[in-house]
Amino acid sequence: MAKFPTFFDKDALLKCARGELFGPGNAQLPEPPMLMMDRITDVSADGGSHGKGHVVAEFDITPDLWFFKCHFPGNPIMPGCLGLDGLWQLTGFNLGWRGMPGKGMALGVGEVKLSGMVTPERKMLTYVVDMVRVIDRKLKMGVADGRVEADGEEIYSVKGMKVGLSTGE
């Protein structure tokens, strides 16, 4: 397993987006505005609720975020799909952090529950991803459960997220 820190600030996340953190052809985060977190506060290969690894990240919410202007005029909320994408981003990040080669791609999700909204009045989202299974053979894939909390209140939960890594072979 590669040796990387367990905390990543915004500069490190942007380095990952440019392909500089895990190396060319390996897992990358998207660049802003699609980067859905400001920092990763913890990542492991053996933590989380299943003991298979986890990632915790935070996203600062400000009223000037790009999606509030268009979704929806007069009733601004963060699209739920962006929260789900943040969870997928972090699942793939965990695989890259482990040193697994390949470019990440979301493969699916089993169950999604949205029970709250992210409005401009919110201050911070916390993403928690708990790895359920990590496959590191020819097929490289992570299966995870996750949740998004807005100011400490759980507003999204997902089960069975799948992210794969492709080396183009």
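Refer to the preceding data block for the structure.
Worth saying up front: this structure is predicted, and the values here are computed from it rather than measured.

Q: Tell me about the overall build of the protein chain, and please be specific about residues and values.
A: Of the regular secondary structure elements, the protein chain holds 3 helices and 7 strands. Starting at the N terminus, the α and β elements of the protein chain follow one another as α-β-β-α-α-β-β-β-β-β. Taking 2.2 N^0.38 as the reference for a compact globule, 169 residues should give roughly 15 Å; the C-alpha atoms of the protein chain span a radius of gyration of 15 Å, in line with that estimate. Expressed as lengths along the three principal axes of its C-alpha atoms, the size of the protein chain is roughly 50 × 30 × 25 Å. Within the protein chain, the proportion of its 169 residues that are buried is 49%. The long-range share in the protein chain, meaning contacts at least 24 apart out of those at least 6 apart in sequence, stands at 66%. In the form shown here, the protein chain has an accessible surface area of approximately 8,200 Å², with 54% of it arising from carbon and sulfur atoms. Put simply, the protein chain has 19 plus and 21 minus side-chain charges, and the middle of one group is 7 Å from the middle of the other.

Q: Break down helix α3 (residues 80-97) for me, citing the residues and quoting the values.
A: Over its 18 residues, α3 extends 26 Å from the first C-alpha to the last, a length consistent with the 26 Å expected when each residue adds 1.5 Å. For α3, the tally of buried residues reaches 15 of 18 residues, placing the bulk of the element in the interior. At the exit of α3 stands Gly99, carrying a positive phi of roughly 95°.

Q: Mind laying out the environment of Gly108, listing which residues take part and the relevant values?
A: In this fold, Gly108 is placed in strand β3 (residues 103-108). Along the primary structure Gly108 and Leu165 are separated by 57 residues, whereas in three dimensions their C-alpha atoms are 13 Å apart. In contact with Gly108, other than residues within four places in its own chain, are Trp88, Gly160, Met161 and Lys162.

Q: Tell me about the packing of aromatic side chains, and please be specific about residues and values.
A: Inspection of the entire model under this criterion finds 5 aromatic pairs. An angle of 75° between the planes, with centres 5.5 Å apart, marks the rings of Trp66 and Phe67 as edge-to-face. Grouped by ring-pair contacts, the aromatic residues Phe4, Phe8, Phe22 and Phe93 constitute a single cluster.

Q: Could you give me a rundown of the pattern of salt bridges, with the residues and numbers involved?
A: A complete count under the given rule lists 8 salt bridges for this structure. Here Glu58 ties to Arg39 by a salt bridge, and the two come within 2.7 Å at their closest N and O atoms. Highlighted residues: Glu58 in strand β2 (residues 54-60) and Arg39 in strand β1 (residues 39-44), separated in sequence by 19 residues. Each member of the pair, Glu58 as well as Arg39, is classed as buried. The partner of Asp136 in a salt bridge is Lys140, with the nearest N and O atoms 2.6 Å apart.

Q: For the side chain of Arg98, give the residues involved together with the corresponding values.
A: With respect to the element layout, Arg98 can be found in the loop between α3 and β3. Among buried charged residues, Arg98 stands out as having no salt bridge; its nearest opposite-charge side chain is Asp136, 7.7 Å away. Polar contacts involving the side chain of Arg98 include one to the main-chain carbonyl oxygen of Lys52, which spans 2.4 Å.

Q: Give me the pairing of strand β6 (residues 140-150): which residues, what numbers.
A: On any regular strand, side chains alternate: one points to one face of the sheet, the next to the other face. Across the 11 residues that make up β6, a large majority, 10, are buried. Pairing between strand β5 (residues 124-136) and β6: 11 bridges, direction antiparallel. In the strand pairing of β6, Arg133 is matched with Val143. Once β5 ends, the chain turns through 3 residues before running back antiparallel as β6. In this structure, β6 lies alongside strand β7 (residues 153-166), joined through 10 bridges in antiparallel fashion. Bridge pairing links Ala144 to Met161 in β7.

Calculation rules
- Residues numbered from 1 in each chain as written.
- Predicted model: local features only at pLDDT ≥ 70, side-chain atom pairs only at ≥ 80, totals over all residues.
- Heavy atoms only, no water.
- Helix = DSSP H or I, 4+ residues; strand = E, 2+ residues; numbered from the N terminus.
- Rg over C-alpha atoms; globule rule 2.2 N^0.38 Å.
- Buried < 20%, exposed > 50% of the residue type's maximum accessible area, 1.4 Å probe, protein only.
- Contact = heavy atoms within 4.5 Å.
- Areas by Shrake-Rupley, 256 points an atom, 1.4 Å probe, with all protein chains shown as cover.
- Lys, Arg positive; Asp, Glu negative; His and termini not counted.
- Charge placed at Lys NZ, Arg CZ, Asp CG, Glu CD.
- Expected span 1.5 Å × (residues − 1).
- Phe/Tyr/Trp six-rings, centres within 6.5 Å; stacked < 30°, edge-to-face > 60°.
- Salt bridge = Lys/Arg side-chain N within 4 Å of Asp/Glu carboxyl O.
- Polar contact = N/O pair within 3.5 Å; in protein donor to acceptor, adjacent residues only side chain to side chain.
- Pairing = 2+ DSSP bridges.

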